[in-house]
Amino acid sequence: MSRTRQLMAGLRDALGSAEPLPRPEPLPAIPAPPARVYTPRPEKRPFAAEAAKHTTALVGIGHVGTRYATDVVLQFQAELAVAHGAVAALLPDDWAQQNGFVPLASRVTNHREFLLRPDLGRRLDDASLEALRRNCTRGPDVQVIVADGLSAVACMGSGKDLYEAVARACQARGLTVGTPVCARFARVWLEDEIGQEVGAKVAMILLGERPGLGTGDGLSAYVVYDPRLGKTDGDRNMISNIHARGMPIDEAAQRLAALASSMIEQRTSGVALDLARLGLAGERTPRPPQVRQKLVNAPDGVGR
Amino acid sequence: MILEPITPNVLSVRRLPHADPALVRAYGGDPAKHTSLGLVTVDQDDPTYVALDECTKHAPVDVIFAKSFYAGSAHASGKLSGEILGVIGAADPESIDQALDALVRCLAHDACFYDADGKRTITVFPHVIASLGEYLSKEAGLAPGDPMAYLVAPPIEATIGLDAALKAAEVRAVRVMTPPTETNFAAAWLTGTLDECEAAAVAYAAAVVDVAGAPRR
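Note that the structure is predicted; figures quoted are calculated from it, not measured. (Residues numbered from 1 in each chain as written. Chains lettered and ligands numbered in written order. Predicted model: local features only at pLDDT ≥ 70, side-chain atom pairs only at ≥ 80, totals over all residues. Heavy atoms only, no water.)

Trainee: Explain the overall build of chain B residue by residue, including any values.
Mentor: Secondary structure summary: chain B contains six helices and 10 strands in total. Residue burial in chain B is summarised as follows: out of 217 residues, 51% are buried. In chain B, 70% of the contacts between residues at least 6 apart in sequence involve partners at least 24 apart. (Helix = DSSP H or I, 4+ residues; strand = E, 2+ residues; numbered from the N terminus. Buried < 20%, exposed > 50% of the residue type's maximum accessible area, 1.4 Å probe, protein only. Contact = heavy atoms within 4.5 Å.)

Here you go:
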């Protein structure tokens with residue numbers, strides 16, 4: 001504003017012309033707008049309704065007016081929060097020792113670096129390398145590694161159970177299993193260095209997988225034959241969604257043991273592995289459809 | 001509302017990129033220097049003098065002609081005449097464009113008359129120029145960059161206002177235009193430090209408002 005205009009505004013105030021305006025006339029009562037209540041419309045198209053039975057994806061969820069129903073939105077937000085929480089969770093320092101694992105760590109120093117530097121998560125730090133050489137039996141058939149991966153929640157939840165089931169299944173097939181180790185801030189390829197260091201025929205890492213909507217507790221298993229640095233994803237076989245609503249732990253353990261013994265028999269893994277020769281335990285039967293976990297209850301009268 | 005700004009209306013803005021030398025000479029310019037002209041008419045004369053001065057700070061232009069019309073814009077000869085014709089001259093049309101932009105901006109946001117009685121029947125122009133340009137400094141006999149209070153009001157209000165302004169601040173009257181000017185107002189140019197000029201302008205406006213509210217005390 002120009003200086004002269006400021007001066008005149010100041011003078012106007014001083015002369016009392018800027019006194020508060022008189023109260024406006026009270027408004028007459030405003031009639032309430034006609035209530036627009038949208039009734040929820042469940043999905044009517046048979047295809048979508050049928051598809052919704054086979055997936056936890058957001059299909060066949062119906063609508064209210066032009067929007068999602070409140071319970072659908074709340075459920076979505078809650079599931080997203082579960083996923084965020086799983087990524088943010090940290091594996092406690094002493095978890096490995098308390099559960100009877102040899103504690104190892106990658107070269108990552110903090111959680112943020114873990115998320116930003118996958119390359120550091122694929123190599124052991126010097127102390128871990130030393131601990132591995134000192135504490136672990138050399139030359140097992142299968143070296144199993146439990147790790148936090150992208151979901152420490154999943155690792156803490158079912159990592160130990162899966163490890164024990166896998167170890168039992170492998171031993172039942174006559175395979176020797178290495179010293180149990182647990183790696184912190186680990187990426188999948190860390191199994192290469194660990195397996196190479198202990199001289200295992202097969203390395204198998206069980207780690208929390210990248211959380212999806214509502215599944216923060218899923219584990220994945222990656223299996224590689226003749227582990228050494230430089231193996232690629234083409235050399236690995238994997239099973240994902242190992243959790244209560246996906247593949248149960250026992251079934252996963254049977255399949256992982258079958259994979260390991262088949263790798264030793266065929267002396268290869270990954271794309272080159274002939275899955276037709278896995279045997280009964282390897283055959284995939286159609287899985288029952290996943291069921292969505294109800295995380296939130298919409299208040300009465302809201303949504304559906 | 002008292003002391004509400006009354007924004008001037010720019011009634012016409014035209015350019016003569018290459019004016020005839022005879023015309024330039026007749027309007028007080030130097031044909032060797034002023035090949036391009038810019039012309040404006042506005043319905044408030046004193047804000048336009050200030051704006052013409054302002055535009056000499058923004059571009060290498062000279063104000064070659066600026067005159068108020070008799071009895072003001074209420075008695076104009078046509079709807080584009082307003083109260084003043086201002087003519088600026090420069091060596092090239094780009095300078096004219098820049099100067100006219102600055103001039104119109106000044107009229108829109110800075111210089112304007114103010115309502116002195118709440119009904120717009122009495123108006124006052126208590127303008128403070130912080131830093132004079134080439135045009136008004138020459139007219140006032142001051143140096144470019146000096147502060148100046150440019151005070152205008154109708155005859156009786158202006159007379160009482162000038163007295164109040166001179167008493168309220170350490171200012172010196174550079175020029176006093178007694179009534180009637182062409183538009184039947186009265187004006188005064190005062191100088192001093194910027195603070196004193198501002199105090200004088202405020203005192204002047206307060207006195208004009210006072211007279212407007214109580215003409216027979």
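Next, the rest of the story.
Trainee: Would you mind going over the confidence of the model for chain A in detail, with residue names and values included?
Mentor: Averaged over every residue, the pLDDT of chain A is 87; the share at 70 or more is 89%. The element-level mean pLDDT for chain A is lowest in strand E1 (residues 40–41) of chain A, coming to 76, with strand E4 (residues 142–147) of chain A highest at 96. (pLDDT = per-residue confidence, 0-100.)

Trainee: Can you tell me about the packing of aromatic side chains, naming the residues and giving the values?
Mentor: Ring pairs (aromatic) are described by centroid distance and by the angle formed between their planes. Applying the stated criterion to the full structure yields eight aromatic pairs over all chains. Their ring planes at 35 degrees and their centres at 5.3 Å tell us that A:Phe114 and A:Phe185 sit as a pair that is tilted. You can see A:Phe114 sitting in helix H5 (residues 111–116) and its partner A:Phe185 sitting in the loop between strand E5 (181–184) and helix H8 (190–198), a full 71 residues away along the chain. With respect to class, A:Phe114 is no different from A:Phe185; both count as buried. Consider the rings of B:Phe125 and B:Tyr150, whose centres lie 5.4 Å apart with planes at 85 degrees: the pair is edge-to-face. On the criterion of sequence distance, the pair formed by B:Phe125 in strand E7 (residues 123–129) and B:Tyr150 in strand E8 (residues 148–153) is long-range, its members being 25 residues apart. One aromatic cluster is present, built from ring pairs that chain together B:Phe113, B:Phe125, B:Tyr150, B:Phe185 and B:Trp189. Taking NZ or CZ as reference, A:Arg187 lies 4.8 Å from the ring centre of A:Phe114, over its face. (Phe/Tyr/Trp six-rings, centres within 6.5 Å; stacked < 30°, edge-to-face > 60°. Lys NZ or Arg CZ within 6 Å of the ring centre and 35° of its normal.)

Trainee: Tell me about the interface of chain B and chain A, and please be specific about residues and values.
Mentor: Each partner contributes to the interface: chain B provides 22 residues, whereas chain A provides 10 residues. The junction of chain B with chain A conceals about 1,300 Å² of combined surface from both sides, 63% of it contributed by carbon and sulfur atoms. Between chain B and chain A we count one salt bridge in total. Run the count over chain B and chain A and you get eight residue pairs in polar contact (both at pLDDT 80 or more). No other element matches helix H6 (residues 194–213) of chain B, which puts six residues into the side of chain B that touches chain A. The residue makeup of the side of chain B that touches chain A, split by class, is 16 nonpolar, three polar and three charged. (Buried area = accessible area lost by both parts, 1.4 Å probe. Salt bridge = Lys/Arg side-chain N within 4 Å of Asp/Glu carboxyl O. Polar contact = N/O pair within 3.5 Å; in protein donor to acceptor, adjacent residues only side chain to side chain. Nonpolar A, V, L, I, M, F, W, Y, C, P; charged D, E, K, R; others polar.)

Trainee: For helix H2 (residues 45–55) of chain B, give the residues involved together with the corresponding values.
Mentor: Counting buried positions along H2(B) yields 10 of 11 residues, so the element is predominantly enclosed. For H2(B), the full list of buried residues reads B:Asp45, B:Asp46, B:Pro47, B:Thr48, B:Tyr49, B:Val50, B:Ala51, B:Leu52, B:Asp53 and B:Cys55.

Trainee: Lay out the nonpolar core in plain terms, naming residues and giving numbers.
Mentor: All names here are of chain A. Membership of the largest hydrophobic core comes to 40 residues, with the highest contact counts inside it found for Val-144, Tyr-163, Val-166, Met-204, Leu-206 and Leu-256. Among the elements of the structure, helix H4 (95–98), E4, helix H7 (152–172), strand E6 (202–208), strand E7 (219–225), strand E8 (236–242) and helix H9 (249–266) are those that each provide at least two residues to this core. Sorting elements by how many residues they give to this core places H7 first, with 10 residues. The contacts of Val-166, once residues within four sequence positions are left out, are Val-144, Met-204, Ala-253 and Leu-256. (Core = buried A, V, L, I, M, F, W, Y, C linked by side-chain atoms within 4.5 Å.)

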